[in-house]
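# Chains, contacts and geometry: an overview
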Amino acid sequence: ADAIWMIGGVYRDGSGMARDESKALQFLEKAADLGSSDARYDLGCAYRNGIPGVEIDVNMANMHFELAAKNGHALARHNIGCNLLRRADVGLAIKHWRISAAAGYTDSVAGLIGRFEMGFICHQQDP
C-alpha cells in the first residue's frame, strides 16, 4: 500500500514525470483501499482543497481524515480537531488534539497550549 501511495504522490507532485492528478487520484484511492493511512490523509486533502478531477467536498474530506485518524495518522487527527474548532466544538477539538499530541504531532501540542492559556483546559487537581 505504501509503494502505491508513493507512486500517487509522484503523479500528484510531478516529481520526475509529468504531473497527472487523475492518475494520482487512482493510485491514492487504491493505496487507501489497501489500508494506507497516508493515502487516506492525502485524499482528505484533495477533497478539502479540490484538485483537477476532484471537487471540494467537506464531507468526503472529513470521512477520509476520520479513516486515516482511526489508523493512527496524527496529522489527520489534528485536522479533525481544527475542523471541530471551526464549528465551535472546542471540547471535542481538544480531545482530538490530545490524541494527536500523544502521537507526537507538535501543532496539536501548540493548539492545546493555546487553549490552556485561553482557559479552555484546566489543571486537574490530585485528590
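Residues numbered from 1 in each chain as written. Predicted model: local features only at pLDDT ≥ 70, side-chain atom pairs only at ≥ 80, totals over all residues. Heavy atoms only, no water.

A tally of regular secondary structure across the protein gives seven helices and zero strands. Each helix and strand of the protein, placed in order from N terminus to C terminus, yields the pattern α-α-α-α-α-α-α. Summarising its shape, the C-alpha atoms of the protein cover approximately 60 × 25 × 25 Å along the three principal directions. By residue count, 40% of the 127 residues in the protein fall in the buried class. Contacts spanning at least 24 positions in sequence make up 33% of the contacts within the protein whose residues lie at least 6 apart. Taken as two groups, the 13 positive and 15 negative side-chain charges of the protein have centres that lie 3 Å from each other. (Helix = DSSP H or I, 4+ residues; strand = E, 2+ residues; numbered from the N terminus. Buried < 20%, exposed > 50% of the residue type's maximum accessible area, 1.4 Å probe, protein only. Contact = heavy atoms within 4.5 Å. Lys, Arg positive; Asp, Glu negative; His and termini not counted. Charge placed at Lys NZ, Arg CZ, Asp CG, Glu CD.)

A few words on the packing of helix 6 (residues 90-102) against helix 7 (residues 106-117). Describing two packed helices takes the angle between their axes plus the distance from one axis to the other. Put simply, helix 6 and helix 7 touch, their axes get as near as 8 Å, and they point 135° apart. One element, helix 6, and the other, helix 7, form an angle in the oblique class. The two elements helix 6 and helix 7 cross, and the hand of that crossing is left-handed. From helix 6, I94, W97, R98, S100 and A101 reach across to helix 7, where they touch S108, V109, G111, L112 and R115. (Axes fitted to C-alpha atoms, helices over the stretch in contact; angles between N-to-C directions. Parallel < 35°, antiparallel > 145°, perpendicular 65-115°, else oblique. Left-handed = near helix turned anticlockwise from the far one by under 90°.)

Moving on to helix 4 (residues 58-70). Every α-helical turn comprises 3.6 residues, leaving residues that sit three or four positions apart pointing alike. The end-to-end C-alpha distance of helix 4 is 18 Å, a good match for the 18 Å that 13 residues give at a rise of 1.5 Å each. Among the residues of helix 4, A61, N62, H64, F65, A68 and A69 are the ones counted as buried. End-on, the buried residues of helix 4 take up no more than an arc of 165°, which puts them together on one face. Residues of helix 4 that are exposed and point more than 90 degrees away from the buried face comprise N59 and K70. Taken together, the buried residues of helix 4 touch helix 3 (37-49) and helix 5 (74-86). At the N-terminal end of helix 4, a side-chain oxygen is found 3.1 Å from the backbone nitrogen of N59, two or three residues along, and the residue is D57. Of the residues flanking the end of helix 4, it is G72, one or two places downstream, whose phi is positive at about 90°. (Expected span 1.5 Å × (residues − 1). Arc of directions from axis to C-beta. Polar contact = N/O pair within 3.5 Å; in protein donor to acceptor, adjacent residues only side chain to side chain.)

Overall, the coordinates contain two aromatic pairs when judged by the stated rule. Each ring, one from Y11 and one from F27, has its centre 5.6 Å from the other, and the planes form 15°; the classification is stacked. Within this pair, whereas Y11 is found in helix 1 (residues 2-13), its partner F27 is found in helix 2 (residues 21-33), the two being separated by 16 residues in sequence. Ring centres of Y41 and F65 lie 5.5 Å apart, and the angle between their planes is 40°; on these two criteria the pair is classed as tilted. You can see Y41 sitting in helix 3 and its partner F65 sitting in helix 4, a full 24 residues away along the chain. As far as the burial class goes, Y41 and F65 line up, both buried. (Phe/Tyr/Trp six-rings, centres within 6.5 Å; stacked < 30°, edge-to-face > 60°.)

Our next topic: unusual backbone geometry. With a phi angle near 65°, A88 is a residue other than glycine that sits in the positive phi range. Relative to the helices and strands, A88 resides in the loop between helix 5 and helix 6.

So, about the environment of I94. Mapped onto the secondary structure, I94 falls in helix 6. Residues I94 and R77, 17 residues apart in the sequence, show an inter-C-alpha distance of 11 Å.

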